[in-house]
Amino acid sequence: MKQKLIFRFSNYISFPTTSNEASETYPSTHEQLVFGDFLVEELKQLGLKEVEKDQFGYVTATLPANCEEKLPVIGFISHFDTAPDMSGISKPNIIENYDGNDIVLDKETNTVLSVEDFPELKNYMGQTLLTTDGKTLLGADDKAGIAEIVCAMDYLIQHPEIKHGKIRIAFTPDEEIGKGVLHFDVTKFGCDFAYTIDGGMIGELEYENFNAAGATITIQGRNVHPGYAKNKMVNSQLIAMEFNALLPEFQRPQYTDHYEGFFLLTKMEGTVESSKLNYIIRDHDKTLFEQKKEFMQKITNFLNEKYGNERVKCEIKEQYKNMREMVEPVFYIVERAKQAMIDAGVEPIVKPIRGGTDGANLSFKGLPCPNIFAGGHNFHGKYEFIPVESMAKAVQVIVNIACENCIKL
């Protein structure tokens, strides 16, 4: 299983599938469609049925039931785009029998995956690690999830003695830019419930996430020759700095954990004449989330009173909601996943997602969809790594969830 996982994962990350938030197409890049075509052919060769890629790039397939008993139709979902934060890697470094010491990713730039900075490395001594080359991200988010789902389907096909109901799988584009299931047809997918295989370290099981919004702050200044600027110039960049300074400092990501929300300045650009700030707003608690949005508008109103002429504008767009309210009424699907982990020798770590997941939007579309670990660490950057043994456990958990002996509807 380890060799199959390494082979598949290495193949998958050789495809450049970075999503592009500035694109107006869906999916946002043509390269994602190319990878989707590759997956379609692979799934057909495995023997899966109803394999297709639709006009939006969604790749879906079916593993038919192999028992007569009426069982729930279960879905497994992962996304195939990688984050725009950094370009993807074409080939992983394979560290066998990891010795617990620092790993030099790139000698030329002295980029080191150090135990001091990432002490969780010690948990994987003796295991096989896949790392980046120190210049790109790895792509375990979420091509590891795809590799695990495909290997699990392959295993079930090769072991027909394991009885299961109908299983549906789906691989989606553009999750990293918040559009992963924008056009996903839940009715056509036809599942009673599903799981995204898109979590982090081994054991993670998540059924609640942030409420999320994006805010765009635009500021109009007035540019005048600096030699003649007295009582005339309005520097939009200074107003932008003032806007950011008025946000609570300790509600930034570097100061928050668990259920604590935050404001994050993701991008800023400007001149004396005009500036723009982009933020994301996050909170698990719905009331606190609404208060954060209202606070941004209060800052906008204050600065407009101070500088006049409606120089500051604040546009807030909703992104996704906390899926907890949609999952709790069918909590047995979380218990099913917990038991599947225990049966695989994995201790469940049930915690809130400090981020987003396609499962949130799917849950509000009518498909309850908790999130299960894929096994990776340090996503979206050059320090990303994944233990192959964690990937193998994810395969086992997927098989256990699908198994007839698990909790039934």
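Up top you'll find the structure we're talking about.
Residues numbered from 1 in each chain as written. Predicted model: local features only at pLDDT ≥ 70, side-chain atom pairs only at ≥ 80, totals over all residues. Heavy atoms only, no water.

What about the overall build of the protein chain?
Piece 1. Scanning the protein chain from N- to C-terminus turns up ten helices and 17 strands.
Piece 2. Dimensions of the protein chain, computed from C-alpha atoms along their principal axes, come out at roughly 85 × 50 × 35 Å.
Piece 3. Every one of the 409 residues in the protein chain was classed for burial, and the buried ones make up 53%.
Piece 4. Of the contacts formed within the protein chain by residues at least 6 apart in sequence, a portion of 79% connects residues at least 24 apart.
Piece 5. For the protein chain, the accessible surface area stands at approximately 18700 Å², while carbon and sulfur atoms represent 50% of it.
Piece 6. Mean positive and mean negative side-chain charge positions of the protein chain (42 and 59 charges, respectively) differ by 4 Å. (Helix = DSSP H or I, 4+ residues; strand = E, 2+ residues; numbered from the N terminus. Buried < 20%, exposed > 50% of the residue type's maximum accessible area, 1.4 Å probe, protein only. Contact = heavy atoms within 4.5 Å. Areas by Shrake-Rupley, 256 points an atom, 1.4 Å probe, with all protein chains shown as cover. Lys, Arg positive; Asp, Glu negative; His and termini not counted. Charge placed at Lys NZ, Arg CZ, Asp CG, Glu CD.)

Looking at the environment of Asn 223
Piece 1. Tracing the sequence through the fold places Asn 223 in the loop between β11 (211–220) and α5 (236–246).
Piece 2. Separated by 50 residues in the primary sequence, Asn 223 and Glu 273 place their C-alpha atoms 5.0 Å from one another.
Piece 3. Apart from residues lying up to four places away in sequence, Asn 223 is in contact with Met 233, Val 272 and Glu 273.

What to know about the nonpolar core
One broad rule of soluble globular proteins: the nonpolar side chains tend to lie buried together.
Piece 1. In this structure, Leu 43, Phe 76, Met 153, Ile 169, Phe 171, Tyr 195 and Ile 372 are the most contacted members of the largest nonpolar core, which totals 66 residues.
Piece 2. In terms of residue count, the dominant contributor to this core is helix α3 (residues 140–158) (ten residues).
Piece 3. Contacts of Phe 76, omitting those with residues within four sequence positions, involve Ile 149, Met 153, Ile 167, Arg 168, Ile 169, Ala 170, Tyr 195, Ile 197, Ile 398, Ile 401 and Ala 402.
Piece 4. Counting 19 residues, the second largest nonpolar core, distinct from the first, contains Val 234, Leu 277, Tyr 279 and Leu 303. (Core = buried A, V, L, I, M, F, W, Y, C linked by side-chain atoms within 4.5 Å.)

Focus on the sheet that holds β11
Piece 1. Judged by pairing direction, the sheet is antiparallel, and its four strands sit side by side in the order β12-β13-β11-β14 without closing on themselves. Where the open sheet ends on each side, the last strands, each with one partner, are β12 (262–270) and β14 (312–320). On average, adjacent strands in this sheet sit at an angle of 15° to one another, irrespective of strand direction.
Piece 2. Alignment of β11 against β14, held across eight bridges, turns out to be antiparallel. Bridge pairing in β14 links Ala 213 to Glu 318.
Piece 3. Against the sheet, α5 contacts β11, β12, β13 (274–283) and β14, and its axis sits at roughly 15° relative to β13.
Piece 4. Taken strand by strand, helix α6 (residues 286–307) contacts β11, β12, β13 and β14, and its axis lies near 165° from that of β14. (Pairing = 2+ DSSP bridges. Axes fitted to C-alpha atoms, helices over the stretch in contact; angles between N-to-C directions.)

Overview of the sheet that holds strand β2 (residues 59–63)
Piece 1. Strand order in the open sheet formed by eight strands is β1-β2-β8-β3-β9-β16-β10-β15, with mixed pairing between adjacent strands. The outermost strands of the open sheet, each flanked by one partner alone, are β1 (49–53) and β15 (349–350).
Piece 2. In the sheet, strand β3 (residues 74–79) pairs with strand β8 (residues 167–172) via six bridges, with the strands oriented parallel. When the bridges of β8 are listed, His 79 appears paired with Thr 172.
Piece 3. Its contacts with the sheet place helix α10 (residues 388–402) against β3, β8, β9 (193–199) and β16 (371–373), and it is angled at close to 140° to β16.

Quick look at the packing of aromatic side chains
Piece 1. According to the stated counting rule, one finds 20 aromatic pairs in the structure shown.
Piece 2. Where Tyr 58 meets Phe 184, the ring centres are 5.3 Å apart and the plane angle is 90°; that geometry is what we call edge-to-face. One end of the pair, Tyr 58, is in the loop between β1 and β2; the other, Phe 184, is in the loop between β8 and α4 (186–189), with 126 residues separating them in the sequence.
Piece 3. A residue is classified by how much of its surface remains accessible, and Tyr 58, at 3% relative accessible area, is buried.
Piece 4. Between the aromatic rings of Phe 118 and Tyr 383, the centroid separation amounts to 5.4 Å while the plane-to-plane angle is 35°, which identifies the pairing as tilted. You can see Phe 118 sitting in the loop between β6 (111–113) and β7 (129–131) and its partner Tyr 383 sitting in the loop between β16 and β17 (385–387), a full 265 residues away along the chain.
Piece 5. Classification of Tyr 383 as partly exposed rests on a relative accessible area of 27%.
Piece 6. Three or more aromatic residues link up through ring pairs in this structure, and these residues are Tyr 12, Phe 15, Phe 35, Phe 38 and Phe 80.
Piece 7. The ring of Phe 35 has Lys 143 lying over it, and the distance from NZ or CZ to the ring centre is 5.1 Å. (Phe/Tyr/Trp six-rings, centres within 6.5 Å; stacked < 30°, edge-to-face > 60°. Lys NZ or Arg CZ within 6 Å of the ring centre and 35° of its normal.)

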